[in-house]
Amino acid sequence: MSDNEIRDAIATAIADNEVILFMKGSPASPACGFSARTVAMLEALETPFAAVDVLPDPRIRQELSALSKWPTIPQLFHGGELIGGCDIITEMYESGELAQVLGVEAPGDAPAEAPAGAEVEPQVAPLGIENRLA
Amino acid sequence: MPSADEVKTRIEAAIPGAQAEVNTADEVHFSALVRASAFDGLSRVQQHRLVYDAFDGELGGSIHALALKTEVL
């Protein structure tokens, strides 16, 4: 896949999914605390969302940031627009604005304070030359 | 590695009239509260972009993380 094809695929994914999160790892197995917290907030609101792991190819992150003009991961989009990263989502979750923007009713048992998110397991380095030399 | 003061100076130089409070425990992870009149009328995403612009590619590099909160002054 060329860089342009990656960028087109990202743009299509953003356009086709009402709520889409670009993150490190997957919702079930986030690879970064900020991604884990963002997933936990969306799950607390019981919002369905699409998720894209940016880690398998560094160009995903590069092309996403070029497209969104946003340097960090995670990035949450709604209706084709960037809503924000973890800090903004946390502020919006706690003020109730996130539920409002996403058009969902916060469940009665959703915590008022942003949930911390799953414990992130340290990444196991892929097998490579470093490991063999260790 | 940048100090909290350097990060504060960078932000305040990039956004005229901004007041930044910056904290760091390890000079890699930073948190900042930035107040600026320039944020007036901008969305949160646009406000944060103004701050990120001060770091031209360093976020994720020498500055591993910048937890950011913005307020209109």
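In this text the structure is predicted, and so the values were computed from the model without any measurement.

The next subject is the overall build of chain B. Check the secondary structure of chain B and you find two helices and three strands. In chain B, the order of α-helices and β-strands from amino to carboxyl end is α-β-β-α-β. The C-alpha atoms of chain B give 11 Å as radius of gyration, which agrees with the globular expectation for 73 residues (11 Å, within 12%). Looking at chain B residue by residue over its 73 residues, the buried ones come to 37%. Across chain B, every contact between residues at least 6 apart in sequence was considered, and the portion connecting residues at least 24 apart equals 52%. Charged side chains of chain B number 6 positive and 11 negative; the gap between the two group centres comes to 8 Å.

Residues and elements named next belong to chain A. At a closest axis distance of 10 Å, the pairing of helix 2 (residues 33-44) and helix 4 (residues 86-95) adopts a crossing angle of 30 degrees. Classified by the angle between their axes, helix 2 and helix 4 sit roughly parallel to one another. You can see that helix 2 and helix 4 cross each other, and the crossing is left-handed. Judged by residue contacts, Phe 34, Arg 37, Thr 38, Met 41 and Ala 44 of helix 2 engage Cys 86, Ile 89, Thr 90 and Tyr 93 from helix 4.

On to the interface of chain A and chain B. At the interface, 14 residues of chain A touch eleven residues of chain B. Both faces considered, chain A and chain B share a buried interface measuring about 1100 Å² in area, 58% of it formed by carbon and sulfur atoms. In terms of surface lost to chain B, no three residues of chain A exceed A:Trp70, A:Asp87 and A:Glu91, which account for 43% of the buried area on that side. Across the contact surface, chain A and chain B share three salt bridges. With its nearest N and O atoms 3.3 Å apart, the salt bridge here joins A:Glu91 to B:Arg44. Only strand 6 (81-84) and helix 4 of chain A provide two or more residues apiece to the side of chain A that touches chain B. A total of four residues in the side of chain A that touches chain B trace back to one element, the largest contributor, which is helix 4 of chain A.

What follows is about unusual backbone geometry. Across the junction of A:Ile73 and A:Pro74, the peptide omega takes the value 10 degrees, indicating a cis bond. Of note, A:Pro74 is situated in the loop between helix 3 (58-68) and strand 5 (75-78). A positive phi angle is found at A:Glu46, which is not glycine, with a value near 55 degrees. On the secondary structure map, A:Glu46 appears in the loop between helix 2 and strand 4 (50-53). The phi dihedral of B:Glu27 falls on the positive side, at around 60 degrees, and the residue is not glycine.

Before going further, it helps to spend a moment on the confidence of the model for chain B. All names here are of chain B. Looking at chain B as a whole, the pLDDT averages 92, with 100% of positions reaching at least 70. Confidence, expressed as mean pLDDT per element, reaches its minimum in chain B at strand 3 (residues 65-72) with 93 and its maximum at strand 1 (residues 19-24) with 96. Overall fold confidence for the complex sits at a pTM of 0.87, while the interface term, ipTM, reaches 0.83.

Now for the sheet that holds strand 1 (residues 19-23) of chain A. Residues and elements named next belong to chain A. The strand order across the open sheet formed by four strands is 4-1-5-6, and the pairing between neighbours is mixed. Each having just a single partner strand, strand 4 and strand 6 make up the two edges of the open sheet. Recorded for the sheet is a direction-independent mean angle of 25 degrees between the axes of neighbouring strands. Of the strand pairs in this sheet, strand 1 and strand 4 are connected by four bridges, and their pairing is parallel. In the strand pairing of strand 4, Leu 21 is matched with Ala 51. Its contacts with the sheet put helix 4 on strand 5 and strand 6, and the angle it makes with strand 6 is roughly 75 degrees.

Each value, and the rule that gives it
Along each chain, residues carry numbers from 1 onward, in the same order as the chain's sequence is written. Chains carry letters and ligands carry numbers; both start at the beginning, A for chains and 1 for ligands, and go up in the order they are written. Reporting in this predicted model follows two pLDDT cut-offs: at least 70 for local features of residues, and 80 or more for side-chain atom pairs to be given and counted; totals over whole chains, interfaces and linings ignore these cut-offs and use all residues. As a rule here, side-chain values cover all heavy atoms of the structure and leave hydrogens and water aside. Strands are runs of DSSP state E lasting at least two residues, helices are runs of H or I lasting at least four, and both sets are numbered from the N terminus onward. Here the radius of gyration uses the C-alpha set of atoms, whereas the globule reference equals 2.2 Å times the residue count to the power 0.38. Relative accessibility thresholds used throughout: buried, under 20% of the residue-type maximum; exposed, over 50%; partly exposed, between the two (1.4 Å probe, protein chains only). Every residue pair with non-hydrogen atoms within 4.5 Å of one another is taken to be in contact. In this tally Asp and Glu are treated as negative and Lys and Arg as positive; neither His nor the chain ends contributes. Just so you know, the charge point we use is NZ for Lys, CZ for Arg, CG for Asp and CD for Glu. Throughout, an axis means a line fitted to C-alpha atoms (over the contacting stretch in the case of helices), and angles, computed between N-to-C directions, take values from 0 to 180 degrees. Here roughly perpendicular refers to angles of 65 to 115 degrees, roughly parallel to angles under 35, roughly antiparallel to angles over 145, and oblique to all remaining angles. Note: crossing handedness is left-handed where the near helix turns anticlockwise from the far helix by less than a right angle, and right-handed where it turns clockwise. The buried area of a pairing is the accessible area, by a 1.4 Å probe, that goes missing from both parts when the two are put together, added over both. Salt-bridge detection follows one rule: a side-chain nitrogen of Lys or Arg within 4 Å of a carboxyl oxygen of Asp or Glu. For every residue, the predictor states its confidence as a pLDDT score lying anywhere from 0 to 100. Should DSSP find at least two bridges between two strands, the strands are taken to pair.

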